[in-house]
Amino acid sequence: MTRHGPDDPQLRAAWRRARRRVARDHHPDVGGDLDAYLASVAQVDARYAVGPSRRLAGGRVELRRTPWTLVRRSLRRRLRRTRRHVRSFRTRLPRRAPGALRYTDLS
């Protein structure tokens, strides 16, 4: 058993399907109840002999945080890619279109 499900690929696929089914039915983002969602996920994990979910004392859920350096790097990469696509798109627009890059030939 690994942290992310059973070792057997078929069991892992069934476990993931069951967890997704529970999420579709009970997840708070789709209008479900948090306690019902966490209880259902714990039942699915117990059925497939997966370790306990990341639940802390008092019913709180442990949140994993992404290091800010990775977030900033990802955002910078996306921003650079977006600028490149916008620049490429604007050069292909006809001159009369708003937002088109207009270059004048002075020769």
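Structure report, in brief. Just so we're clear, the structure is a prediction, and the values are computed from it rather than from any experiment.

Brief notes about the overall build of the chain
Working step 1: In terms of helices and strands, the chain carries three helices and zero strands.
Working step 2: Reading the helices (α) and strands (β) of the chain from amino to carboxyl end gives α-α-α.
Working step 3: The buried share of the chain, reckoned over its 107 residues, is 15%.
Working step 4: The long-range share in the chain, meaning contacts at least 24 apart out of those at least 6 apart in sequence, stands at 29%.
Working step 5: Accessible surface, the chain as shown: approximately 9200 Å² in total, 53% of it carbon and sulfur.

Here we look at the packing of helix 1 (residues 9-26) against helix 2 (residues 34-47)
Working step 1: At a closest axis distance of 10 Å, the pairing of helix 1 and helix 2 adopts a crossing angle of 165°. Comparing the axis directions of helix 1 and helix 2 gives the class roughly antiparallel. In this structure, the crossing between helix 1 and helix 2 has a hand that is right-handed. Contact residues: helix 1 offers Trp-15, Ala-18, Arg-19, Val-22, Ala-23 and His-26, while helix 2 offers Ala-36, Tyr-37, Ser-40, Val-41, Val-44, Asp-45 and Arg-47.
Working step 2: Of the residues that constitute the contact of helix 1 with helix 2, the class distribution is eight nonpolar, two polar and three charged.

Description of the pattern of salt bridges
Where charged atoms from two side chains of opposite charge come close, those side chains can pair.
Working step 1: All told, the structure shown has one salt bridge when counted by the stated rule.
Working step 2: Of the charged contacts, one joins Arg-19 and Asp-45 as a salt bridge, the two residues approaching to 2.8 Å between their closest N and O atoms. Of this pair, Arg-19 sits in helix 1 while Asp-45 sits in helix 2, placing them 26 residues apart in sequence.
Working step 3: You can call Arg-19 partly exposed: its relative accessible area is 27%.
Working step 4: According to the relative accessible area criterion, Asp-45 is buried, its value standing at 3%.

A word on helix 1
Working step 1: With 18 residues, helix 1 extends 25 Å from end C-alpha to end C-alpha; this agrees with the ideal 26 Å at 1.5 Å per step.
Working step 2: Within helix 1, burial applies to Ala-14, Trp-15, Ala-18 and Val-22. Relative to the axis of helix 1, the buried residues are bounded by an arc of 100° and lie together on one face. When the buried face of helix 1 is taken as reference, the exposed residues oriented beyond 90 degrees from it are Pro-9, Gln-10 and Arg-24.
Working step 3: Along its buried surface, helix 1 packs onto helix 2.

Focus: helix 2
Working step 1: For helix 2, built from 14 residues, the straight-helix expectation of 20 Å at 1.5 Å per residue is met to within 8% by its first-to-last C-alpha distance of 20 Å.
Working step 2: When we look at burial in helix 2, the residues that qualify are Tyr-37, Leu-38, Ser-40, Val-41, Val-44 and Asp-45. The buried residues of helix 2 all sit within an arc of 165° when viewed along its axis, so they share a single face. In helix 2, the exposed residues that point more than 90 degrees away from the buried face are Gln-43, Ala-46 and Arg-47.
Working step 3: Its buried side turned inward, helix 2 meets helix 1.
Working step 4: Of the residues one or two after helix 2, Ala-49 is the one with positive phi, at around 55°.

Cut-offs used in this document
- Position labels on residues start from 1 in each chain and follow its written sequence.
- Only residues with pLDDT of at least 70 are given local features in this predicted model, and only at 80 or more are side-chain atom pairs given and counted; all residues enter the totals for whole chains, interfaces and linings.
- Calculation of side-chain values draws on the structure's entire complement of heavy atoms; hydrogens and water are dropped beforehand.
- Numbering of helices and strands runs from the N terminus; a helix is a DSSP stretch of H or I covering at least four residues, while a strand is a stretch of E covering at least two.
- Working definition: with a 1.4 Å probe on protein chains only, accessible area under 20% of the residue-type maximum means buried, over 50% means exposed, and in between means partly exposed.
- Note on definitions: a residue-residue contact is assigned when non-hydrogen atoms from the two residues lie within 4.5 Å.
- In short, Shrake-Rupley with a 1.4 Å probe defines the accessible areas, and a residue's cover is counted only from the protein chains shown.
- Between the N-to-C directions of two axes lies an angle of 0 to 180 degrees, each axis being a line fitted to C-alpha atoms and, for a helix, fitted only over the stretch in contact.
- Should an angle lie under 35 degrees it is considered roughly parallel, over 145 roughly antiparallel, and from 65 to 115 roughly perpendicular; all remaining angles are considered oblique.
- Each crossing is labelled by how the near helix is turned from the far one, with a counterclockwise turn of less than a right angle marking it left-handed and a clockwise turn marking it right-handed.
- Nonpolar residues are Ala, Val, Leu, Ile, Met, Phe, Trp, Tyr, Cys and Pro. Charged residues are Asp, Glu, Lys and Arg, and all others, Gly as well, are polar.
- Within this document, salt bridges are pairs made up of a side-chain nitrogen of Lys or Arg and a carboxyl oxygen of Asp or Glu, the two lying within 4 Å of each other.
- Any helix carries an expected span of 1.5 Å times its number of residues minus one.
- The directions considered for the arc run from the helix axis to the C-beta atoms.

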